[in-house]
Structure formats: C-alpha cells, structure tokens
Amino acid sequence: MSSKQSHPSDNVTSRQAGWSVMQRADDPDIERARFQLKEDIANGATGISLVFEGANSAYGFGLPAKAETIPTLFDGVSLDGLHIRLDNHPHGRVIADSFIDYLQHRRINPTRTKLTFSTDPTAVLATTGKLKMSIEALKASLPQSMSVFFSSGIPGVVLEADGRPYHNAGATPAQEIGAMLSVALAHLKMVEEARHHIIYALPHIGFATALDEDPVMGLAKMRAIRLLWRRLQGERGVSSPFPAVIHVETSMRMMTRQDAFNNISRSSIAAYAAILGGASSLSVLPYSFVFGLPDQTARRIARNSQLIFIKELANPLAKSTSRRDSDADALAEAAWVEFTRLEDEGGVMQSLIDGNLAKRIEEARDLRLASYHKNERAIIGTSEYRQADDRVTGIVDTKPVHFEAEGISHCHPLVSGRWDQDFLEVQKIAPVEITKD
C-alpha cells in the first residue's frame, strides 16, 4: 500500500464517482487516525467524516473533542478537493469554530474543499436525551449562530436532518423520513423567524440516512426523501425547489457478530442502493465494527467496496432502470403521514420529549423482531445458517467508552441496537429452531 501523500484533485476516483467516497476518522488515538486518513486519501477516498466522541454515529469511539484535534489530525494532509464532513455531535460550536479557525490559519480557500457541518440538535437530543441548554434558549440562539455561516460565504451543508438515530433505534423507513422532514421544517421555520428568506438557507440544508441490506427499500427511501423535500419546499412557497443533498451511512443496525464476514455483503448491497439512489456522499461501515474499532484491513475493505463500483462496474448509475417508483411513492405517503403526526405533536423534538415518537419506534421494532422469529425474515448467520465459531476479527485493541452528554435532561434517549442482538436476546426467553449448514 502506497504511503505517498496524495489528494483527491489528483485522484481519478473523484472524477469518476458522482458521490464523495467517505472514510471515517473516528479513532480516539489521533496519531493513528492521522495515519489512517493519509492512507485513505492516498488510496481512493475523496472525503473524510470527522466523527467525534459522543456523536450519534461514533458507536462508542470517536475523535477527542479538543481544539488541538483538528490541527494534529490534518498535519501534513492536503485538503484541496477533499470533502470534509463534521458528523453531528453534542459539543456545540466548539468543533466547528476550531475547524474554521484552522482553515483560516492555513489560509485554505474553503471553496476548494467541500464542507458539511451537519448540525442537528434534535439528533443529539434523540441520542443522548440531553441538550446543553433549554429548548427555548436553543431556538433563540440557533438563528444567530447559523447566520454567521450563511453570511460567511462558506459553501456546503450547515444544517442537517439526520435520520440515523431513529433508524438505529428500529424505526420504520416512514417513521425515520417523517422525523427527518419535521427536523427540516424546524430548520426552515428557524430561518423564517430570524427574518431571512429560506431561499438563502436551502443550499445549506441536507439530510443523512442509513440504508440496510434491502436495496428496493433503500432506493425507495432515497426517492421518497427527494420527493418530500421538494413537496415541503413547495408548501413554503419555493417555486424552484432545491434538490436534496443526502449523506448515506450503511446501517449499523443490520450488522451481525455471528458470521461477521456476511456484513461485507450487506454493506455492499446498501452501498449500491445509495449510489443508484443518488447519494451525495457515502460512508461504508467496516464489517468488524460489531466487535470494536475496525483495523486497517477492515477499513480498506469498506473503502474498496465503493471503489469496485467506480472502477470495475461499468456505469452503475445507468443500471437504475428497474427502480420501484410505486414503492417509493407509497413510502413517501406513509412518511408524510408520520411527518404530519409529528407536527401535530409539536414537532419531532417535542414528540421526543413527550415520548410519543419513541413509543411508535418501539412498536415498529417489536413488529420487525417478531417477523424474524416467525421466519418471515432472515438474518443470515444468526437466525439461519448460524456457525458456532463467533470469532472476533478486524479490530484494533481499543475499548469502546460510554459517553455521558452534558446538559439538561429533556427525555429518555432512543436506544440504538442491532437486529441480531435483539433476536438473540429474545431467543434466550423463547428459543427458536436455528437452521444449520
């Protein structure tokens, strides 16, 4: 593997792909994370997701939330042409401000990079149950904070509607998209209440979602998000709606410890659906994440799963003629019903505080779990064709940590999990027959 310094503007990958090939920088050991970052960029990655401790996508790991993390991480790394994503986290503006300061210190023109700040306080609330301030103070302070970004001329997404906390808690696609729409509407209302026209904010609003091993549903989710984002803009008086900017992360919930190498296939299917669905950026979770922090080999496999689509599969976007538009339309209608319900409850943040959304997600999770025990669905390697050898592979020797968010408690956090965990937990109470090789 080459160790020479490179950057995406010199990389044919960035010209061939219609999306950003994202790799995670999430190792608590900054020096090791810096080495991984250089290797990823030199070998095909065109974007980096900076995942800090406590983020809803950190899964027990994450970069230290310190001012010195970013300059240390990027020491000797060319940022020109790179897509840099600051994944949503509970540390307020500290990280974003330190990153902007770093860009100014290095005199880097932000227009030569692609930036995503992915701010979504509701996702923080959903994941931790806490915010650093009251809901009223948050709503009062956000417009002023966001106006700094809007007026700075820095391109890219600043506000995001992140559906991953709901997906990882077991929500249906309609519940997840409904929550995302409610968050997006709250963003628009915030801009309007600050006496700005939403047309100026629309280019800075994006979405993040997780796709699992069901490619038909994955395509339907992507299309439904696009349809409903256009519909929502239309209802706010926008005559020429902006297209949805969607970041996709392959699902942690679908991953299994049993026969974990099957996770490579699951993630590849999810990645392909994301590509066909027009994802703006894509992060493939390494197969070994279920055991701990993935090592270099597991990260390479995750990165290469995208590069294969680019370099070995002729024009994957041209193979999207079999999309199930009817499924997407049905999902869009169901998601709009959930969105309307959330708005009737005062918005997704209020619904989380009152426990209404959490209750519906729990009901949906139980229904899907029942389908595994009725053999209506399968988890290969867990509910069917299970192997006795449950080996731990592909991780570095770093233990996950429990992150306790600071701030005011507003609700019980949504509980993330995986289907194989839920299946085996219920199996202890009511054993079911396992089909063996």
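The residue count restarts for each chain, going from 1 along the sequence in the order it is written. Restriction of local features to residues with pLDDT of at least 70 applies here, the model being predicted, together with a cutoff of 80 or more for giving and counting side-chain atom pairs; totals for whole chains, interfaces and linings are based on all residues. Calculation of side-chain values draws on the structure's entire complement of heavy atoms; hydrogens and water are dropped beforehand.

- Per an unreviewed UniProt entry, the recorded name for the protein chain is Heterodimeric methylmalonyl-CoA mutase small subunit, and the organism is Bartonella apihabitans.

1. Digging into the overall build of the protein chain
Part 1: What the protein chain contains, in helices and strands, is 16 helices and 10 strands.
Part 2: Residues counted as buried form 55% of the 437 residues belonging to the protein chain.
Part 3: Contacts spanning at least 24 positions in sequence make up 81% of the contacts within the protein chain whose residues lie at least 6 apart.
Part 4: Using a 1.4 Å probe, accessible areas were evaluated by the Shrake-Rupley method; residue-level cover was limited to the displayed protein chains. Entry remark: accessible area of the protein chain is about 18600 Å², with carbon and sulfur atoms responsible for 51%. We count a stretch as a helix when DSSP gives it H or I for four or more residues in a row; a strand needs E for two or more, and each element gets its number in order from the N terminus. Classification of residues uses two cut-offs on accessible area relative to the type maximum, computed with a 1.4 Å probe and protein chains only: under 20% is buried, over 50% is exposed, and between them is partly exposed. Note on contacts: a residue pair is in contact if any heavy atoms of the two residues lie within 4.5 Å.

2. A look at the environment of Gly407
Part 1: Relative to the helices and strands, Gly407 resides in the loop between helix H15 (356-373) and strand E10 (408-409).
Part 2: Taking the C-alpha atoms as reference points, Gly407 and Lys130, separated by 277 residues in sequence, lie 5.7 Å from one another.
Part 3: Beyond its immediate stretch of four places on either side in the chain, Gly407 contacts Lys130, Leu131 and Lys132.

3. A few points about the environment of Ala184
Part 1: Inspection of the secondary structure puts Ala184 in helix H8 (residues 173-193).
Part 2: Residue class for Ala184 comes out buried when judged on its relative accessible area of 0%.
Part 3: Taking the C-alpha atoms as reference points, Ala184 and Trp229, separated by 45 residues in sequence, lie 8.5 Å from one another.

4. Side note on the pairing of strand E4 (residues 114-119)
Looking down a regular strand, the side chains alternate between one sheet face and the other.
Part 1: Of the strand pairs in this sheet, strand E3 (residues 83-86) and E4 are connected by 3 bridges, and their pairing is parallel. Across the sheet, the residue bridging to Arg85 is Thr116, located in E4.
Part 2: Whether two strands pair comes down to DSSP finding at least two bridges between them. Note that E4 and strand E6 (residues 157-162) share 2 bridges and pair parallel. Paired with Thr119 across the two strands is Leu159, which belongs to E6.

5. Digging into the sheet that holds strand E9 (residues 281-283)
Part 1: A barrel is described by the order of its strands in space; here 8 strands give the closed sequence E1-E2-E3-E4-E6-E7-E8-E9, paired in parallel fashion. Recorded for the sheet is a direction-independent mean angle of 30 degrees between the axes of neighbouring strands.
Part 2: Looking at chain direction, strand E2 (residues 47-50) and E3 are connected through 4 bridges and run parallel. Bridge pairing in E3 links Ser49 to Arg85.
Part 3: Fitted lines through C-alpha atoms serve as axes, helices being fitted only where they are in contact, and the angles separating the N-to-C directions of these axes extend from 0 to 180 degrees. Along the sheet, H8 contacts E4, E6 and strand E7 (205-211); its crossing angle with E6, the most-contacted strand, is approximately 145 degrees.

6. What to know about the packing of H8 against helix H10 (residues 215-235)
Part 1: Across the interface, H8 lies against H10 with an axial gap of 11 Å and an inter-helix angle of 30 degrees. Taken together, H8 and H10 sit at an angle that is classed as roughly parallel. Crossing of H8 over H10 shows right-handed handedness. Note on element contacts: H10 touches H8 through Met217, Lys221, Ala224, Ile225, Leu228, Trp229 and Leu232, opposite Pro173, Glu176, Ile177, Met180, Leu181, Ala184, Leu185 and Leu188.
Part 2: Residue type decides the class: Asp, Glu, Lys and Arg count as charged, Ala, Val, Leu, Ile, Met, Phe, Trp, Tyr, Cys and Pro as nonpolar, and the leftover types, Gly among them, as polar. For the contact of H8 with H10, the residue count by class is 13 nonpolar, no polar and 2 charged. Reported orientations rely on four angle classes, namely roughly parallel under 35 degrees, roughly antiparallel over 145, roughly perpendicular from 65 to 115, and oblique for the rest. The hand of a helix crossing depends on one turn: near helix anticlockwise from the far one by less than a right angle means left-handed, and clockwise means right-handed.

7. Quick look at the packing of helix H2 (residues 30-42) against helix H12 (residues 296-311)
Part 1: Two numbers describe how H2 lies on H12: the axes approach to 11 Å, and their chain directions differ by 30 degrees. Handedness of the crossing formed by H2 with H12: right-handed. Judged by residue contacts, Phe35, Gln36, Glu39 and Asp40 of H2 engage Gln296, Arg299 and Arg303 from H12.
Part 2: Among the residues forming the contact of H2 with H12, the class breakdown is 1 nonpolar, 2 polar and 4 charged.

8. What to know about the packing of aromatic side chains
Part 1: A pair of aromatic rings is counted whenever rings of Phe, Tyr or Trp (Trp by its six-membered ring) have centres within 6.5 Å, and the orientation is called stacked for planes under 30 degrees apart, edge-to-face for over 60 and tilted otherwise. For the coordinates displayed, the defined rule picks out 9 aromatic pairs.
Part 2: Ring centres 5.1 Å apart and planes at 75 degrees place the aromatic pair Phe207 and Trp229 in the edge-to-face group. Within this pair, whereas Phe207 is found in strand E7, its partner Trp229 is found in helix H10, the two being separated by 22 residues in sequence. Pair check on accessibility: Phe207 and Trp229 agree, each one buried.
Part 3: The interplanar angle of 55 degrees and the centroid separation of 4.8 Å between the aromatic rings of Trp336 and Phe339 together place this pair among those described as tilted. Of this pair, Trp336 and Phe339 both sit in helix H13 (residues 325-344), separated by 3 residues, roughly a single helical turn.

9. Quick look at the side chain of Ser182
Part 1: Take Ser182: it is sitting in helix H8.
Part 2: Two N or O atoms form a polar contact when they lie within 3.5 Å of each other; inside protein one atom must be a possible hydrogen donor and the other a possible acceptor, and for residues adjacent in sequence the pair counts only when both atoms belong to side chains. A distance of 2.5 Å separates a polar atom in the side chain of Ser182 from a polar atom in the side chain of Glu343.
Part 3: Separated by 3.0 Å, the side chain of Ser182 and the backbone nitrogen of Val348 make a polar contact.
Part 4: Once residues within four sequence positions are removed from consideration, Ser182 is found in contact with Phe339, Leu342, Glu343, Gly347 and Val348.

10. Observations concerning the pattern of salt bridges
Part 1: Here a salt bridge means any side-chain nitrogen of Lys or Arg lying within 4 Å of a carboxyl oxygen belonging to Asp or Glu. In total, this model carries 27 salt bridges according to the counting rule given.
Part 2: In this structure, Lys130 and Glu404 form a salt bridge, with 2.8 Å as the shortest nitrogen-oxygen distance. Here Glu404 lies in the loop between H15 and E10 and Lys130 lies in strand E5 (residues 130-131), a separation of 274 residues in the sequence.
Part 3: Across the pair Glu235 and Arg231 runs a salt bridge whose closest N-O atoms are separated by 3.9 Å. Here the residue Glu235 and the residue Arg231 both occupy positions in helix H10, the gap between them amounting to 4 residues, near one helical turn.
Part 4: Overall, Glu235 belongs to the exposed group, its relative accessible area being 52%.
Part 5: Salt bridges here are not isolated pairs; linked through shared partners, they connect Arg24, Asp26, Asp40, Arg85, Asp87, Glu160, Asp162, Arg164, Glu249, Arg299 and Arg303.

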